[in-house]
Number of protein chains: 2
Amino acid sequence: MHNGCMIDPRLITLRVFARCGTVGATAELTGYSPSAVSAQLRELQRVLGMQLLTKDGRGVRLTATGRYLVAGSDTLVAEWERLRAAAMAAGDQVQSRFGLGGFSTAAAQLLAPLAATLRSTRPQLEVQVLEADPDRCFDLLVAERIDLAVIVAMQSDTYLEDDPRFEQTVLLDDPLDVIIPSDHPLASRETVTLEELASEPWITEAAGSTYHSLFTAAFTAVGVTPRIAHEAVEWETQIAFVGAGLGVGLLPRLAPLRSAENVVRLRITGKGKPARRIVAAVRKGSLASPLIQESLGILQVRANRILAARPEDDL
Amino acid sequence: MHNGCMIDPRLITLRVFARCGTVGATAELTGYSPSAVSAQLRELQRVLGMQLLTKDGRGVRLTATGRYLVAGSDTLVAEWERLRAAAMAAGDQVQSRFGLGGFSTAAAQLLAPLAATLRSTRPQLEVQVLEADPDRCFDLLVAERIDLAVIVAMQSDTYLEDDPRFEQTVLLDDPLDVIIPSDHPLASRETVTLEELASEPWITEAAGSTYHSLFTAAFTAVGVTPRIAHEAVEWETQIAFVGAGLGVGLLPRLAPLRSAENVVRLRITGKGKPARRIVAAVRKGSLASPLIQESLGILQVRANRILAARPEDDL
DNA sequence: GATAACCGTGCACAATGGGTGCATGATCGA
DNA sequence: TCGATCATGCACCCATTGTGCACGGTTATC
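To start, this report covers the structure provided alongside it. What you see is a predicted model, and the numbers here were worked out from it, not measured in a lab.

### Remarks on the overall build of chain A
Broken down by element type, chain A carries 9 helices and 12 strands. The contacts of chain A with a sequence gap of at least 6 include a subset with a gap of at least 24, amounting to 74%. Per element, the accessible surface of chain A, about 13,600 Å² overall, is 52% carbon and sulfur. Averaging the positions of the 32 positive and the 37 negative side-chain charges in chain A gives two centres separated by 5 Å.

And the structure:
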């Protein structure tokens, strides 16, 4: 959250703009109104004596100077985060506000317990959780709306291993299970291999999504080409499709099956064991912050507990 | 001048406080009122969630966390200066305000011409010159009141070769001349050695000052111990003392003799050729700024011209 | 080629933040 | 003990800054 950042908020706004490209989106992300963002950027140019923006069609675009400034500000922001974190650690203190972000499954399984734990151990800490897709999580990190995000690695196209703005920590590899109708011949099995399901009609996400890539990667690993019958966006939809007998699908271990009576979940064995990697992302430099460290520890414990709850599937 | 700095002004205030130690002095340096400084520091602690200050007698003192934060902020400020300078250079632009500081002789001989040149070449640039002793110049640099200072090296006790806050450039070595009464036996000479004046009554600054150190250093170089008859602070006073026949003294080449009729200035030859080193100091990171570069160039030209105007004394 | 949707910006107005000046309390030196 | 010095709290005030709405310009759609 925009909590004690010593960098001029207008520069932060510029950084957000550099990410999303439009004033309107910047306003939505930062919580300002569009006119405020416009005024801020204008004021920033005035006070810096630089031309940072140019009109471009019906929008505005960063100039070369603007891009240079934004790129260079990465180290500045990281340096401040590092300093704050170190000072916090040195003074044995934590900030008063803490913003968390993550996609739905992570929010439910990881962020909610984390928030609850922090709430009890640090009663005077304001914890806010924002559900958002990974891409938006990075936006929110840049906008200083959140301080820690739980995302699926490589889900975001803007995600880079060595992005100068972020640092990541692997929390766990969440294996994908198979969900099949309960009246399916294999429904009574404990585990199944992808080869056994090669001829089934598959339900997956649209091509281009992260899970679709995981999907194809898993099947190419075992050398078969699945037939994609249907597409769904939400897990719930996909589960409903499977329940309706439209086909079979993949469901992350962390995603709950809930009350889907006519759907069973099977572990995958064999070569192709698809999994999604769940990582925690923070602004670069903030990794040393006591609160971040504590949160990562809690998340790690939680992740390990999740993994340990199903020890049999790793064999 | 506090001109488009992207670092929170409250942190700058804290940095100034770290230098001078009292709220009142911080207020004077930053241009705020004491209550404003007090409120800023309190607000800073609140928003950062750190205790930075402790009561200490009738004043306040930095805590360990505070000192840590201030020390770490050096790189942050330097990083911003570097970024601004680079962006300015990349965009071929300069800031709109420019603050200069220096001690009296430098202000007259170097800063005034620099300000005049900048005023003509960049009409829309606000140039402000502040006369201040070197120590205060560093304060003003930290407080972002000025951007460039011309000082005598090692005059300030806070001056460090590798201070993480400043960068320096040698402008010139200003030789010290001898001033003697015009009715002195040596008054008709062009040059003189210190040995020849060893037995004269000397007029100098009080022990502990920079010029006093230069004074003693010069005489220890030639192996004689001068007799200090009188002490003066201002050059004008010292000249008046010499004119009154009270003794002889040292006067920097840059300091004008003006209308002192009964005083003559002689160059010093031989081993002990005392000189004061005049350097330009800027905030670390700002050296790449176009305006700083241009200013340093102008100062260097001016310094070379001063040296060239008296070419005979270097032999 | 007209119309609609979208994007950014300017303007009037309001509210919050932040600074000043003065008074007060506390501590140290004479 | 008295005065000087320092920081701080408080009332007031001003300036910055954000909002809401309207407008102009540009692109897409039919």
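### Here we look at the nonpolar core
Counting residues in each nonpolar core, the largest one holds 51 residues, and the members touching the most others are Leu 14, Leu 69 and Trp 80 of chain A together with Leu 14, Leu 69 and Trp 80 of chain B. Those elements that place two or more of their residues in this core are α1 (9–20), α2 (23–30), α3 (34–48) and α4 (64–91) of chain A together with α1 (9–20), α3 (34–48) and α4 (64–91) of chain B. Other than its neighbours up to four places away in sequence, Leu 69 of chain B contacts Trp 80, Leu 83 and Ala 87 of chain A together with Leu 11, Leu 14, Leu 48, Met 50 and Leu 52 of chain B.

### Concerning α3 of chain A
All names here are of chain A. Under the 1.5 Å per step criterion, the end-to-end length of α3 is 21 Å for 15 residues, consistent within 8% with the ideal 21 Å. Residues of α3 that are buried: Val 37, Gln 40, Leu 41, Leu 44, Gln 45, Val 47 and Leu 48. Directly after α3, the chain includes Gly 49, whose backbone phi takes a positive value near 65 degrees.

### Focus on the interface of chain B and chain A
At the junction of the two partners, chain B supplies 33 residues and chain A supplies 33 residues. Across the interface of chain B and chain A, roughly 2,600 Å² is buried in total on both sides, 71% from carbon and sulfur atoms. Of all residues in chain B, Met 6, Leu 76 and Leu 83 of chain B bury the most surface against chain A, accounting for 24% of the area lost on that side. Counting across the chain B and chain A interface gives 4 residue pairs in polar contact (both at pLDDT 80 or more). For the side of chain B that touches chain A, the secondary structure elements donating two or more residues are α1, α3 and α4 of chain B.

### Describing the pairing of strand β5 (residues 148–152) of chain B
All names here are of chain B. Burial analysis of β5 places 5 of its 5 residues in the buried class, the great majority of the element. By the alternation rule, side chains of β5 split into Leu 148, Val 150 and Val 152 and Ala 149 and Ile 151, which are all buried. Across 5 bridges, the pairing between β5 and strand β12 (residues 275–283) is antiparallel. Among the inter-strand pairings, Ala 149 is bridged to a residue of β12, identified as Ala 281.

### Quick notes on the protein's contact with DNA strand D
What surrounds DNA strand D is a group of 18 residues, the closest being Ser 33 of chain A together with Thr 22, Val 23, Gly 24 and Ser 38 of chain B. Backbone sugar and phosphate groups make up 72% of those atoms of DNA strand D lying within 4 Å of the protein. Arg 42 of chain B has a polar side-chain atom sitting 3.3 Å from a phosphate oxygen of DNA strand D. Contributions of two or more residues to the surface near DNA strand D are made by α3 of chain A together with α2 (23–30), α3 and β2 (59–62) of chain B. With 4 residues, α3 of chain B is the largest single contributor of residues to the surface near DNA strand D.

### A look at the relation of the copies chain B and chain A
With an RMSD of 0.1 Å, the fit of chain B onto chain A corresponds to turning through 180 degrees and sliding 0.0 Å along the axis. Taken together, the rotation and translation relating the two chain copies correspond to the operation of a two-fold axis. No C-alpha of chain B approaches the rotation axis more nearly than that of Ile 7 of chain B, which lies at 2.5 Å. In this assembly, 100% of the residues forming the interface of chain B have copies in chain A that are likewise at the interface, indicating an isologous arrangement.

### Considering the protein's contact with DNA strand C
Taken together, 18 residues surround DNA strand C, and among them Val 23, Gly 24 and Ser 38 of chain A together with Ser 33 and Ser 35 of chain B come closest. Counted by atom, the contact set of DNA strand C within 4 Å of the protein is 70% sugar and phosphate. Between Val 23 of chain A and DNA strand C, the recorded distance is 2.9 Å, taken from a backbone N or O atom to a phosphate oxygen. In this structure, Ser 38 of chain A approaches DNA strand C through a side-chain N or O atom, which is 2.8 Å from a phosphate oxygen.

### So, α4 of chain B
Residues and elements named next belong to chain B. For α4, built from 28 residues, the straight-helix expectation of 40 Å at 1.5 Å per residue is met to within 8% by its first-to-last C-alpha distance of 41 Å. The largest bend in α4 comes to about 30 degrees, at Ser 73. Extensive coverage of α4 is indicated by the burial of 20 of its 28 residues. Just downstream of α4, Asp 92 is the residue with a positive phi angle, here 55 degrees.

### Re the packing of α1 of chain A against α3 of chain A
Residues and elements named next belong to chain A. The interhelical angle for the contact between α1 and α3, taken along N-to-C directions, is 115 degrees, at an axis separation of 9 Å. In this view, α1 runs roughly perpendicular relative to α3, as classed from their interaxial angle. Where α1 crosses over α3, the handedness of that crossing is left-handed. Contact residues: α1 offers Pro 9, Arg 10, Leu 11, Thr 13, Leu 14 and Phe 17, while α3 offers Val 37, Gln 40, Leu 41, Glu 43, Leu 44 and Val 47. Residues of the contact of α1 with α3, tallied by class, amount to 8 nonpolar, 2 polar and 2 charged.

### Things to note about the pairing of strand β3 (residues 97–102) of chain A
All names here are of chain A. Of all 6 residues in β3, 5 are buried; the element is thus mostly enclosed. Crossover β3 to strand β4 (residues 126–131) through helix α5 (residues 104–121) is right-handed. Taken together, the 3 bridges between β3 and strand β5 (residues 148–152) define a ladder with parallel strand orientation. Considered in β5, the bridge of Leu 100 is made with Leu 148.

### Quick word on unusual backbone geometry
Despite not being glycine, Glu 144 of chain A has its phi angle at roughly 65 degrees, a positive value. Mapped onto the elements, Glu 144 of chain A comes out in the loop between α6 (134–142) and β5.

### Structural notes on the environment of Ser 199 of chain B
Here Ser 199 of chain B is to be found in the loop between β7 (191–193) and β8 (201–204). A sequence separation of 68 residues divides Ser 199 of chain B from Glu 131 of chain B, and the C-alpha atoms of the two residues are 36 Å apart.

### What to know about the packing of α4 of chain A against α4 of chain B
The N-to-C vectors of α4 of chain A and α4 of chain B enclose an angle of 175 degrees; their axes lie 10 Å apart at closest approach. By the angle class used here, α4 of chain A and α4 of chain B are roughly antiparallel. Looking at the contact of α4 of chain A with α4 of chain B residue by residue, the classes come out as 16 nonpolar, 10 polar and 4 charged.

### Describing the environment of Gly 223 of chain A
Counting through the fold element by element, Gly 223 of chain A comes out in the loop between α7 (210–222) and β9 (227–231). Residue Gly 223 of chain A is classed as exposed on the basis of its relative accessible area, which comes to 63%.

### Brief notes about the environment of Pro 252 of chain A
Residues and elements named next belong to chain A. With respect to the helices and strands, Pro 252 occurs in strand β10 (residues 248–252). Of the residues examined, Pro 252 reaches a relative accessible area of 0% and is grouped as buried. Put simply, Pro 252 and Asp 173 are 79 residues apart on the chain and 9.9 Å apart in space, counted from C-alpha to C-alpha. Each residue touching Pro 252, except ones within four places of it in the same chain, is listed here: Asp 174, Pro 175, Leu 176, Trp 235, Arg 265 and Arg 276.

The rules behind these values
- Residues numbered from 1 in each chain as written.
- Chains lettered and ligands numbered in written order.
- Predicted model: local features only at pLDDT ≥ 70, side-chain atom pairs only at ≥ 80, totals over all residues.
- Heavy atoms only, no water.
- Helix = DSSP H or I, 4+ residues; strand = E, 2+ residues; numbered from the N terminus.
- Contact = heavy atoms within 4.5 Å.
- Areas by Shrake-Rupley, 256 points an atom, 1.4 Å probe, with all protein chains shown as cover.
- Lys, Arg positive; Asp, Glu negative; His and termini not counted.
- Charge placed at Lys NZ, Arg CZ, Asp CG, Glu CD.
- Core = buried A, V, L, I, M, F, W, Y, C linked by side-chain atoms within 4.5 Å.
- Buried < 20%, exposed > 50% of the residue type's maximum accessible area, 1.4 Å probe, protein only.
- Expected span 1.5 Å × (residues − 1).
- Buried area = accessible area lost by both parts, 1.4 Å probe.
- Polar contact = N/O pair within 3.5 Å; in protein donor to acceptor, adjacent residues only side chain to side chain.
- Pairing = 2+ DSSP bridges.
- Near = heavy atom within 4 Å.
- Least-squares fit on C-alpha atoms with pLDDT ≥ 70 in both.
- Bend = angle between axes of the 7 residues up to and from the residue.
- Axes fitted to C-alpha atoms, helices over the stretch in contact; angles between N-to-C directions.
- Parallel < 35°, antiparallel > 145°, perpendicular 65-115°, else oblique.
- Left-handed = near helix turned anticlockwise from the far one by under 90°.
- Nonpolar A, V, L, I, M, F, W, Y, C, P; charged D, E, K, R; others polar.
- Right-handed = clockwise from strand over helix to strand, strands pointing away.

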